[in-house]
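Summary of structural features
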Amino acid sequence: MNHHYSQRLIRLGTHASLALAVAGALALPLTAQAGSFQLPTDNAAGWARASAGGSLFANDPTAVYNNPAAMAFFTDPVLQITGTAIRPSAKFSGEFNDQQGNPVTGGNPNGFGEFQPFPNIAFAAPINDRLTLGASLTVPYGLASEYDPTWQGRYFGTKTSLESVALSFTAGFKVNDRFSLGLGVVGQRTETQLNTMLDPTGTASALVGAPVFGAPQSQDVQMNITLDKPIAYGYIVGAEFKPTPQDSIGFSYHSRIKQTRGGHYRLYGGEVGKDLIAMGPTAFPTAGLPSINPDGDSAQSVLDTPAFASLDWVHHVNDKFSLAASIKWTEWSSFNELVLTSQGNLLVALPQNYRDSFAYSVGGDYRVNERWTLRAGLGYDQTPTNDATRDPRIPDESRVLLGLGFGYQASNRLMLDFGYQHQFVKNAKVNMTNDISLGAGTMDGKFDDYGDVVSLTGTYRF
């Protein structure tokens, strides 16, 4: 290794230490629960373009996680820090009825409605003319919905939170001036909270055929389940091809990450309700009721985050104008059922029956002058959910994405970007009957959804 690259490695070690220090300082206050299950791992420019072009724009550090092959064309070490906040909204209109057909008491609040912040931090550095290494901290999956425990839909869920924090280490290798390859490993930690209200008198009424143990809704018991997976691993592969000086085409694939998480469940409520829950499997041995300890116990669940792949394209029309497009596929069909167990016994099985989904986007940049760049994008994100199993925890539907933003070149080394995105979401229909162990109630109606995203990014080239 020559003297030039020896000195570069020394500088890169200093830069990497700075990047990790900044990441450690920001990770804790920013990693709140995000607002949807799968999150674009974008910077502010990416949100403004509706993710069009992925990470193929020059020296974009989100390539560390999104497509490490794009790092191979970096010209300088780059540190990027992004703070993003998502505010989803989902307001239900319709009916909730208990097992006897009576309206469920309580209000009907919006279980979302608050901005939820999360970070995206990345550092990438060329080691020589062909090899670039990078590290990133991202939140690729997140969900936060919380309803009052007395709301009408409490038997279908009160609080759901899921957050996956991913730390990735990747490398991009430039085969020649037109083609590169990328490879990386991802370590992902996921925390989950699932709370729901049980209606033991509703369960008893369904099994006996009459409310002989009390009317449904009269002995509510709250079940809280907390799960955590310290770390699980996956991989990333990618490629970038430049067929012309004006065009870049990229492909990336992220593997499924298998996660078996452990934790515990707790019950909160009156003794009558807890006793009904405890005696259920003995009194009705053929009903398939779960064995639930009124004092709580351990809990386990398997929740694999799905594989996904992206195909991206960027075309530089001239020095001022660039066009971009992307197609993203996610293997959501692997999320068929959410099963919770305790001591090897089934607690609850929540059917999901997700289907594979696609997202499409077009967008671009317009460089006004040396300081200012304008951005916009339009996308369509297909939901993996379906009418038969959709519930208040994830009242998702297909959406149209409209993004706007700008970039400001503050100095030769520092770039600041702002992005805003509004998500026009199709009404999410819900028509389902609850599992008998949860009270056998029904819900019929729809959620009126939308979402807003704001994002701010600082990028520093060393």
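Refer to the structure printed above.
Treat the numbers as computed from the prediction; the structure is a model and nothing was measured. (Residues numbered from 1 in each chain as written. Predicted model: local features only at pLDDT ≥ 70, side-chain atom pairs only at ≥ 80, totals over all residues. Heavy atoms only, no water.)

**Considering the overall build of the chain**
- Scanning the chain from terminus to terminus reveals five helices and 19 strands.
- For the chain, whose C-alpha radius of gyration is 25 Å, the value lies close to the compact-globule estimate of 23 Å for 462 residues.
- Dimensions of the chain, computed from the C-alpha atoms along their principal axes, are close to 85 × 40 × 35 Å.
- Burial statistics for the chain: of 462 residues in total, 52% are counted as buried.
- For the chain, long-range pairs separated by at least 24 residues make up 73% of all intrachain contacts whose partners lie at least 6 apart in sequence.
- In the form shown here, the chain has an accessible surface area of approximately 19400 Å², with 58% of it arising from carbon and sulfur atoms.
- Taking the average place of the 32 positive charges on the side chains of the chain and the average place of its 40 negative ones, the gap between the two points comes to 9 Å. (Helix = DSSP H or I, 4+ residues; strand = E, 2+ residues; numbered from the N terminus. Rg over C-alpha atoms; globule rule 2.2 N^0.38 Å. Buried < 20%, exposed > 50% of the residue type's maximum accessible area, 1.4 Å probe, protein only. Contact = heavy atoms within 4.5 Å. Areas by Shrake-Rupley, 256 points an atom, 1.4 Å probe, with all protein chains shown as cover. Lys, Arg positive; Asp, Glu negative; His and termini not counted. Charge placed at Lys NZ, Arg CZ, Asp CG, Glu CD.)

**Considering helix H5 (residues 271-283)**
- Its 13 residues give H5 an end-to-end C-alpha distance of 17 Å, which sits within 8% of 18 Å, the value for a rise of 1.5 Å per residue.
- Taken as a whole, H5 carries its principal kink of about 25° at Ile-277; the proline Pro-281 stands between one and four residues after it.
- The complete set of buried residues in H5 reads Gly-273, Lys-274, Leu-276, Ile-277 and Gly-280.
- Of the surrounding secondary structure, the elements contacted by the buried residues of H5 are strand E5 (179-198), helix H4 (200-208), strand E6 (221-241) and strand E8 (260-269). (Expected span 1.5 Å × (residues − 1). Bend = angle between axes of the 7 residues up to and from the residue.)

**Overview of the environment of Asn-176**
- With respect to the element layout, Asn-176 can be found in strand E4 (residues 159-176).
- Of the residues examined, Asn-176 reaches a relative accessible area of 38% and is grouped as partly exposed.
- Other than its neighbours up to four places away in sequence, Asn-176 contacts Phe-73 and Arg-130.
- Here Arg-178 takes part through its backbone nitrogen, which lies 2.8 Å from a polar atom of the side chain of Asn-176.
- Within polar-contact distance, the side chain of Asn-176 engages the backbone nitrogen of Phe-179 at 2.9 Å. (Polar contact = N/O pair within 3.5 Å; in protein donor to acceptor, adjacent residues only side chain to side chain.)

**A short note on the nonpolar core**
- In this structure, Phe-37, Ile-225, Met-443 and Phe-447 are the most contacted members of the largest nonpolar core, which totals 48 residues.
- In terms of residue count, E6 provides more of this core than any other element does, six residues in total.
- Those residues in contact with Phe-447 that sit more than four places away from it in its chain are Ala-90, Lys-91, Phe-92, Tyr-147, Pro-392, Pro-395, Asn-427, Ala-428 and Val-430.
- Ala-52, Phe-57, Ala-63 and Met-71 belong to the second largest nonpolar core, which has 12 residues in total. (Core = buried A, V, L, I, M, F, W, Y, C linked by side-chain atoms within 4.5 Å.)

The analysis is restricted to geometry; functional conclusions fall outside its scope.
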